[in-house]
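So the chains spell out like this:
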Amino acid sequence: MCNAVELNGRDLVGARVTGVVSSVYVDGSTGDRSLVHVWLMLDGKPVLFHTMSGVRILRSDIEKPYEMAELGGRVVVEESAGEPWDALVGRTITGVARLCPDLGEDGWLLRASGYQMAVMDLGDELVARLWPDASWGNLAVVELF
């Protein structure tokens, strides 16, 4: 991510989601999998959603798979991130808002052609759910774009 450029919600509005790519940590002993990063391909260009004191949106190339011998696993790159990410493919981003929780890091609300999805940093985990989601408690939506 050395060449990454931070974006804001305005940069996403009007772009068509043409694909989804994820990096997933695979534990070598248990096979357990956990999501590390997600790139939305917006009009064919990768945009990374990355947890770093909240969710940051970055223009960044897709990383290559790599070994994490110190943790006994590896990171693989896949042409999917599961739901709700994959349901964005073929849709156009029509609006973006910040989500600000009472406690913890903030995230983003993505609106795309009749679809709403929230992306949050929960304990340094990148978590996405359809919106609204009552289990996330009290989140303030701050409309930006």
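See above for the structure.
Below is a short write-up of the structure. (Residues numbered from 1 in each chain as written. Predicted model: local features only at pLDDT ≥ 70, side-chain atom pairs only at ≥ 80, totals over all residues. Heavy atoms only, no water.)

Observations concerning the pairing of strand β3 (residues 33-42)
Spelled out, the test is: Pairing between strands requires that DSSP locate at least two bridges from one strand to the other. Labels follow the DSSP assignment, with helices taken as runs of H or I lasting at least four residues and strands as runs of E lasting at least two, numbered in each case from the N terminus.
Here strand β2 (residues 17-27) runs beside β3; their pairing, made up of nine bridges, is antiparallel. Paired with Ser22 across the bridge in β3 is Val38. Linking β2 to β3, which pair antiparallel, is a turn of five residues; within it Gly31 sits at a positive phi near 80 degrees. Pairing of β3 with strand β4 (residues 45-51) involves five bridges; the strand directions are antiparallel. When the bridges of β4 are listed, Val38 appears paired with Phe49. Hairpin connection between β3 and β4: a loop of two residues separates the two successive antiparallel strands, and Asp43 in this loop has a positive phi of roughly 50 degrees.

Some thoughts on the environment of Thr94
Stated precisely, the cut-off is as follows: Contact between two residues is taken to exist if any of their heavy atoms lie within 4.5 Å; hydrogens are not considered.
As for its position among the elements, Thr94 is in strand β8 (residues 93-101). Sequence separation between Thr94 and Trp136 is 42 residues; the distance between their C-alpha atoms is 23 Å. Excluding residues that lie within four positions of it along the chain, Thr94 makes contacts with Val13, Arg111, Ala112 and Ser113.

A word on the nonpolar core
Formally: Put simply, a nonpolar core is a bunch of buried Ala, Val, Leu, Ile, Met, Phe, Trp, Tyr and Cys residues held in one set by side-chain atoms that sit within 4.5 Å of each other. Partly exposed describes any residue whose relative accessible area lies between the buried limit of under 20% and the exposed limit of over 50%, with all areas from a 1.4 Å probe on protein chains only and scaled to the type maximum.
In this structure, Leu12, Leu40, Phe49 and Trp85 are the most contacted members of the largest nonpolar core, which totals 25 residues. Those residues in contact with Trp85, other than ones at most four positions away along the chain, are Val20, Leu35, Val38, Leu40, Phe49, Met117, Val119, Leu126 and Ala128. In this structure, Ala97, Ala118, Met120 and Trp136 belong to the second largest nonpolar core, which totals nine residues.

Observations regarding the side chain of Asp121
Rules: In this tally, Asp and Glu contribute negative charge and Lys and Arg positive charge; neither His nor the terminal groups of the chain are included. Salt bridge criterion: a side-chain nitrogen from Lys or Arg within 4 Å of a carboxyl oxygen from Asp or Glu. Whenever two N or O atoms come within 3.5 Å, that pair is a polar contact, provided that in protein one can donate a hydrogen and the other can accept it, and provided that, for residues adjacent in sequence, both atoms are side-chain atoms.
Looking at where Asp121 falls in the secondary structure, it is placed in strand β10 (residues 116-122). Buried Asp121, no salt bridge; nearest opposite-charge side chain is Arg56, N-O distance 7.5 Å. Within polar-contact distance, the side chain of Asp121 engages the backbone nitrogen of Gly54 at 3.1 Å.

Examining the packing of aromatic side chains
Our working rule: The pairing test for Phe, Tyr and Trp rings, Trp by its six-membered ring, is centres within 6.5 Å, and the orientation test on the planes gives stacked under 30 degrees, edge-to-face over 60, and tilted for anything in between. By definition here, charges over rings are those cases where NZ of Lys or CZ of Arg is within 6 Å of the ring centre and within 35 degrees of the ring normal.
Applying the stated rule across the entire model yields one aromatic pair. Their ring planes at 65 degrees and their centres at 5.4 Å tell us that Phe49 and Trp85 sit as a pair that is edge-to-face. You can see Phe49 sitting in strand β4 and its partner Trp85 sitting in the loop between β7 (73-78) and β8, a full 36 residues away along the chain. Accessibility assignment for this pair places Phe49 and Trp85 in one class, buried. Residue placement shows Arg98 over the ring face of Trp108; its charged tip is 4.0 Å from the ring centre.

Regarding the pattern of salt bridges
Applying the stated rule across the entire model yields two salt bridges. Taking the shortest distance from any N to any O, the salt bridge between Arg56 and Glu6 comes out at 3.7 Å. Of the two residues, Arg56 is situated in strand β5 (residues 55-59) and Glu6 in strand β1 (residues 5-6); the sequence distance between them amounts to 50 residues. For the salt bridge of Arg33 with Glu78, the shortest nitrogen-to-oxygen distance reads 2.5 Å.

Details of unusual backbone geometry
Here the bond from Glu83 into Pro84 is cis, since omega is 5 degrees, no more than 30 degrees from zero. When you line up the elements, Pro84 lands in the loop between β7 and β8. Backbone torsion omega between Trp131 and Pro132 reads 0 degrees, so that peptide bond is classified as cis. Structurally, Pro132 can be placed in the loop between β11 (125-130) and β12 (139-143). Phi angles above zero are rare outside glycine, and Asp43 is one such case at about 50 degrees. Turning to its location among the elements, Asp43 is positioned in the loop between β3 and β4. The phi angle at Ser113 is positive, at roughly 45 degrees, despite the residue not being glycine. You can call Ser113 partly exposed: its relative accessible area is 39%.

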